[in-house]
Amino acid sequence: KKERTTTVYKNLNPSWGETFKFVCHESSDRIKVRVWDEDNDLKSMIANKFIKEPDDFLGQTIIEVYSLSGEMDVWYELHKRSDKSAVSGCIRLRINVEIHGEEKRAPFHLQYSCLHEMAVDYFDQRGEHDVLKKLAEKDDGQVDICFPHPMLDIVQEFAQRSSIENIYQVMTHFACLSLLYHITGIPGALSRLLVVINTYFRDQIKTSEMSDGSIASHSQRDRFSVSNFKREKFVEVLDRLNELLIVDLNAYRDVFPADQPDRLLDLKDAVDLLTSIMFFRQKVLDIGKVIKSKDVVAECIQASVQSTFNQLREESISTVCQSDSDPVVCQSKPGPQSFLSTPARLTPLSYVHRLVELLAEMIE
């Protein structure tokens, strides 16, 4: 059975809004969707009489019936039909599947998300967090999630049978790990995953040249919007993670102790992760003005250093004052003071001597 939409003229992002019904008897059936650029000038009308396919081919997608379930709102990437084709782009289809004799099922992408979340929660409950950090890089820049067997077989088999794209799996794993951000080693895994996500959405998609000479293109923001992972959900994950990073970096001396090498590595990964989030916001979400990660880190370091010297100053004053019998001597000057300023009527020499001792202890 073949169906054809009406033609939408002079529109690089057409919306048809038409409904077609197909009856499939086998799960192995396929639905092929092809997109064409139809010309309505005199030359094209004459060509229609003699050429089988006179219109410009813009791309096609083949949908496996077994991968469909319930009500779906899915973007499909358009592919070439031969090596000579030079096409790219996406088409959005709203699909409603009715299976006679069976109850309606949730969409496969939602089923996969639930399965993936259950797998992550299982290993989290068992304390096997090293399993969640493993990622296998592929030649095309994508990564594979390395769950141990047999969980790996279950997740991969479901993803393959349900046509779950790799980028959706990566974004799902990123969302799951963001809830375990404070565990050692997880910031590094999150940073690598977000680099893959940024790379995927970084390049623009360009379609073939149209009949009027124009080029239909989609920005990084458009490409992110057409992903099957809900835009609002992923932005919410990034916003929550961004807040956690800033809070932890403001208290980095406590959160990432210097005597714990693993946590120091997490500190580096946290900064890299913050940088990747800023990149995603600026390049993919197309947010004009974004606070740079280096400015955030600089403010965190400045606040920590100021806090450290304030603590040393107070301890120096306290130590010197304890040896002085006159309480008036230990009163500080009102108003803002730097860490090198001395209290009113306090002997500068004894104060500075104690401050230098504390600094030397801290450096040691």
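Residues numbered from 1 in each chain as written. Predicted model: local features only at pLDDT ≥ 70, side-chain atom pairs only at ≥ 80, totals over all residues. Heavy atoms only, no water.

Now, about the overall build of the chain: what can you tell me, with residues and values included?
On a plain count of helices and strands, the chain comes out with 12 helices and 8 strands. Looking at the 364 residues of the chain, the share that counts as buried comes to 40%. Nonlocal contacts in the chain, meaning residues at least 24 apart in sequence, comprise 61% of its contacts between residues at least 6 apart. Entry remark: accessible area of the chain is about 22500 Å², with carbon and sulfur atoms responsible for 52%. (Helix = DSSP H or I, 4+ residues; strand = E, 2+ residues; numbered from the N terminus. Buried < 20%, exposed > 50% of the residue type's maximum accessible area, 1.4 Å probe, protein only. Contact = heavy atoms within 4.5 Å. Areas by Shrake-Rupley, 256 points an atom, 1.4 Å probe, with all protein chains shown as cover.)

Account for the packing of aromatic side chains, with residues named and values stated.
Under the defined criterion, the tally for this structure stands at 8 aromatic pairs. On the numbers, 6.0 Å between centres and 65 degrees between planes, the contact of Phe108 with Phe158 is edge-to-face. Here Phe108, found in helix H2 (residues 108-125), pairs with Phe158, found in helix H4 (residues 151-161); they are 50 residues apart in sequence, far enough to count as distant. Grouping aromatic residues by their ring pairs yields a cluster made of Tyr112, Tyr168, Phe174, Phe229, Phe234 and Phe280. The positively charged end of Lys1 is found above the aromatic ring belonging to Phe22, 5.7 Å away from the centroid. (Phe/Tyr/Trp six-rings, centres within 6.5 Å; stacked < 30°, edge-to-face > 60°. Lys NZ or Arg CZ within 6 Å of the ring centre and 35° of its normal.)

Can you tell me about the nonpolar core, naming the residues and giving the values?
Counting residues in hydrophobic clusters, the biggest one holds 57 residues, and the most contacted among them are Phe147, Phe174, Ile197, Phe224, Phe234 and Phe280. Here Phe224 is in contact with Met171, Phe201, Arg231, Phe234, Val235, Phe280, Val284 and Leu285, once residues within four sequence places are set aside. Grouped together as the second largest cluster of nonpolar side chains are 15 residues, Val35, Leu78, Leu93 and Val97 included. (Core = buried A, V, L, I, M, F, W, Y, C linked by side-chain atoms within 4.5 Å.)

A description of the pattern of salt bridges should follow, citing residues and the corresponding values.
Tallied over the entire structure, the rule returns 10 salt bridges. In this structure, Glu157 and Arg161 form a salt bridge, with 2.5 Å as the shortest nitrogen-oxygen distance. With a gap of 4 residues between them, Glu157 and Arg161 both fall in helix H4, about one helical turn apart. Residue classification places Glu157 among the partly exposed residues on the basis of a relative accessible area of 36%. A salt bridge links Asp266 to Arg263, with the shortest nitrogen-to-oxygen separation between them at 2.8 Å. One end of the pair is Asp266 and the other is Arg263, both in helix H10 (residues 261-284) and 3 residues apart, which spans about a single turn. (Salt bridge = Lys/Arg side-chain N within 4 Å of Asp/Glu carboxyl O.)

If you had to explain the confidence of the model for the chain to someone new, which residues and values would you point to?
Overall, the prediction assigns the chain a mean pLDDT of 76, with 71% of residues at 70 or greater. Ranking the elements of the chain by mean pLDDT puts strand E7 (residues 205-209) last with 46 and helix H5 (residues 166-177) first with 91. Across residues 206-216, confidence stays below pLDDT 50; counting only partners more than four residues off in sequence or on other chains, it has 26 contacts. When the criterion is pLDDT under 50, residues 324-346 qualifies, and its contacts beyond four places in sequence or with other chains add up to 32 contacts. (pLDDT = per-residue confidence, 0-100.)

Go over the pairing of strand E2 (residues 56-64), please, and point to the residues and values.
A regular strand places its side chains so that they alternate between the two faces of the sheet. The element E2 is extensively covered by neighbouring structure, given that 7 of its 9 residues are classed as buried. Here strand E1 (residues 30-37) runs beside E2; their pairing, made up of 8 bridges, is antiparallel. Bridged to Ile31 within E2 is Ile63. (Pairing = 2+ DSSP bridges.)

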